[in-house]
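# Observations on the three-dimensional arrangement
Below are the chains, spelled out letter by letter.
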Amino acid sequence: QVQLVESGGGLVQAGGSLRLSCTASGRTWSMYRMGWFSQAPGKEREFVAAIIWSDGSIYYADSVKGRFTISRDNAKNTAYLQMNSLKPEDTAVYYCAAARTTSIKYDYWGQGTQVTVSS
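Residues numbered from 1 in each chain as written. Predicted model: local features only at pLDDT ≥ 70, side-chain atom pairs only at ≥ 80, totals over all residues. Heavy atoms only, no water.

### Points about the environment of Glu89
Its location among the elements puts Glu89 in the loop between β8 (78–83) and β9 (92–100). Residue class for Glu89 comes out exposed when judged on its relative accessible area of 60%. In this structure the C-alpha to C-alpha distance between Glu89 and Gln13, which are 76 residues apart in sequence, comes to 12 Å. (Helix = DSSP H or I, 4+ residues; strand = E, 2+ residues; numbered from the N terminus. Buried < 20%, exposed > 50% of the residue type's maximum accessible area, 1.4 Å probe, protein only.)

See below:
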């Protein structure tokens, strides 16, 4: 069992910044990835960014390229999502997820943290 806990959400003005964190605990795998997803009210959950833990490979959704940065702290088993130049359309609940590198689906999810961007 793997547990994921997100934190760092909040209310900011457009153009501001937030840093989300996701800490994993419990049993882990030798090869896995951690990802960030967002879900706005009434909309489907969308992929935001992911990082491959073994080598640090990074992937971003087109909508956040150049604005968001995903990173990791190996010692803390923590992934971060630095969000800059935030837009009102970024407003959503942000979820951390984890999966084996070779798995298509994400098997473990955090509880979510609310990000609200005012205009």
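### A word on the pattern of salt bridges
Within this structure, the stated rule accounts for two salt bridges. Asp62 is the salt-bridge partner of Lys65, the closest N and O atoms lying 3.2 Å from each other. Among the salt bridges present, the one from Arg67 reaches Asp90, with a minimum N-O distance of 2.7 Å. Here Arg67, found in the loop between β6 (58–60) and β7 (68–73), pairs with Asp90, found in the loop between β8 and β9; they are 23 residues apart in sequence, far enough to count as distant. (Salt bridge = Lys/Arg side-chain N within 4 Å of Asp/Glu carboxyl O.)

### Remarks on the packing of aromatic side chains
Under the defined criterion, the tally for this structure stands at five aromatic pairs. Each ring, one from Phe37 and one from Phe47, has its centre 5.7 Å from the other, and the planes form 75°; the classification is edge-to-face. Residue Phe37 is found in strand β4 (residues 32–39), and its partner Phe47 is found in strand β5 (residues 46–52); the two are separated by ten residues along the sequence. Taking the centre distance of 5.0 Å and the plane angle of 80° together, the rings of Phe37 and Tyr106 count as edge-to-face. One end of the pair, Phe37, is in strand β4; the other, Tyr106, is in the loop between β9 and β10 (108–109), and 69 residues separate them in sequence. Comparing Phe37 with Tyr106, the two get one shared label, buried. Here the basic side chain of Arg33 rests over the ring of Tyr106, its NZ or CZ set 4.2 Å away from the ring centre. (Phe/Tyr/Trp six-rings, centres within 6.5 Å; stacked < 30°, edge-to-face > 60°. Lys NZ or Arg CZ within 6 Å of the ring centre and 35° of its normal.)

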